[in-house]
Amino acid sequence: SVLDAEGNRATNSAGWCEHRTQYNDKKQKIAERYLDPDGNPALLSNNYSGIDREFDENGKVVKETYYDASGEVGPNKDGMVIVERAYHEAGQQVRIAYFDASGAPMAINGVCQMAQGYDEAGNVNLEIVLDAEGNRATNSAGWCEHRMTYDEAKQRISESYFGVDGDPVLCRRRYAA
């Protein structure tokens, strides 16, 4: 707990007095809660008062659930409520999906799901926006597919953007290729 000069419970600069953390048997943080001096949920600058995490057998976070100012499941500052991730055998993220408090798919910046691909060096070289049913969709930036290439030093050397139909698109603040 955070205490003031007189020894009373107080709020720190991050907006909380007490931070409670729960770990699983693998010492992974599975729950975090932030509380005010009265023991009520304290909203952080990221607009959440708590988060729950689920892990896969490799220690990767596969699900995050955010909590609002009332301590109920609710959105963080980016609008995310429940976030689920999938990984391939090398441990790289291949899909992220967003859900509302009831578990229904929801869009963040036009994205319900994002699939990712990798080149042989492990660089993200493909991102594909998907709707709630897993069909190709367009995000709020105006693209569906983002392709990238890298040099031997793993520096990105090209980017291209494509629409749902596979044709190049000009998107907000970016060029097609």
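As the structure is a prediction and not an experimental result, all values here were calculated from the model.

### Some details on the sheet that holds strand 6 (residues 93–99)
- Read across the sheet, ten strands follow the order 1-2-3-4-5-6-7-8-9-10 without closing on themselves; strand pairing throughout is antiparallel. Pairing within the sheet leaves two strands with one partner each, and these edge strands are strand 1 (18–23) and strand 10 (156–162). When strand polarity is set aside, the average angle formed by the axes of neighbouring strands in this sheet is 10°.

### As for the confidence of the model for the protein chain
- Of the residues in the protein chain, 97% reach a pLDDT of 70 or more, and the chain-wide mean stands at 93.
- When mean pLDDT is compared element by element in the protein chain, strand 3 (residues 50–55) scores highest at 98, while strand 10 scores lowest at 93.

### Quick look at the pattern of salt bridges
- Taken as a whole and assessed by the stated rule, the structure comprises ten salt bridges.
- For the salt bridge of Arg 9 with Glu 18, the shortest nitrogen-to-oxygen distance reads 3.1 Å.
- With relative accessibility at 34%, the residue Arg 9 sits in the partly exposed group.
- In this structure Glu 18 comes out as buried when scored by relative accessible area, which is 15%.

### Some remarks on the environment of Val 61
- Tracing the sequence through the fold places Val 61 in strand 4 (residues 61–67).
- Judged by relative accessible area, which is 19%, Val 61 ranks as buried.
- Sequence separation between Val 61 and Ala 101 is 40 residues; the distance between their C-alpha atoms is 19 Å.
- Not counting residues up to four positions away in its chain, the partners in contact with Val 61 are Arg 53, Glu 54, Phe 55, Arg 85 and Tyr 87.

### Examining the packing of aromatic side chains
- Scanning the model with the defined rule gives three aromatic pairs in all.
- One Lys or Arg, Arg 147, reaches over the ring of Phe 162 and ends 3.9 Å from the middle of that ring.

### Considering the nonpolar core
- One finds Tyr 98 and Trp 143 to be the most contacted residues of the largest nonpolar core, which totals 26 residues.
- Elements represented by at least two residues in this core include exactly strand 5 (82–87) and strand 6.
- Among the elements that take part in this core, strand 6 stands out by supplying four residues, more than any other.
- The contact partners of Tyr 98, leaving out residues within four places of it in the chain, are Met 80, Ile 82, Val 83, Ala 104, Pro 105, Met 106, Ile 108, Val 111 and Cys 112.

### Digging into unusual backbone geometry
- Of note in the backbone geometry, Asn 47 takes a positive phi value of approximately 65° without being a glycine.
- Along the polypeptide, Asn 47 turns up in the loop between strand 2 (29–35) and strand 3.
- On the accessibility criterion, Asn 47 (30% relative accessible area) is partly exposed.
- Notably, Asn 109 is not glycine yet its phi reads approximately 55°, a positive angle.

### Remarks on the pairing of strand 7 (residues 113–118)
- For strand 7, a buried count of five out of six residues is recorded, marking the element as mostly surrounded by other parts of the structure.
- Between the end of strand 7 and the start of strand 8 (residues 124–130), which pair antiparallel, lie five residues, with Gly 122 showing a positive phi angle near 90°.

### As for the side chain of Asn 139
- In this structure, Asn 139 sits in the loop between strand 8 and strand 9 (145–150).
- Those residues in contact with Asn 139, other than ones at most four positions away along the chain, are Asn 109, Gly 110, Val 111 and Val 129.

Cut-offs used in this document
Residues numbered from 1 in each chain as written. Predicted model: local features only at pLDDT ≥ 70, side-chain atom pairs only at ≥ 80, totals over all residues. Heavy atoms only, no water. Pairing = 2+ DSSP bridges. Helix = DSSP H or I, 4+ residues; strand = E, 2+ residues; numbered from the N terminus. Axes fitted to C-alpha atoms, helices over the stretch in contact; angles between N-to-C directions. pLDDT = per-residue confidence, 0-100. Salt bridge = Lys/Arg side-chain N within 4 Å of Asp/Glu carboxyl O. Buried < 20%, exposed > 50% of the residue type's maximum accessible area, 1.4 Å probe, protein only. Contact = heavy atoms within 4.5 Å. Phe/Tyr/Trp six-rings, centres within 6.5 Å; stacked < 30°, edge-to-face > 60°. Lys NZ or Arg CZ within 6 Å of the ring centre and 35° of its normal. Core = buried A, V, L, I, M, F, W, Y, C linked by side-chain atoms within 4.5 Å.

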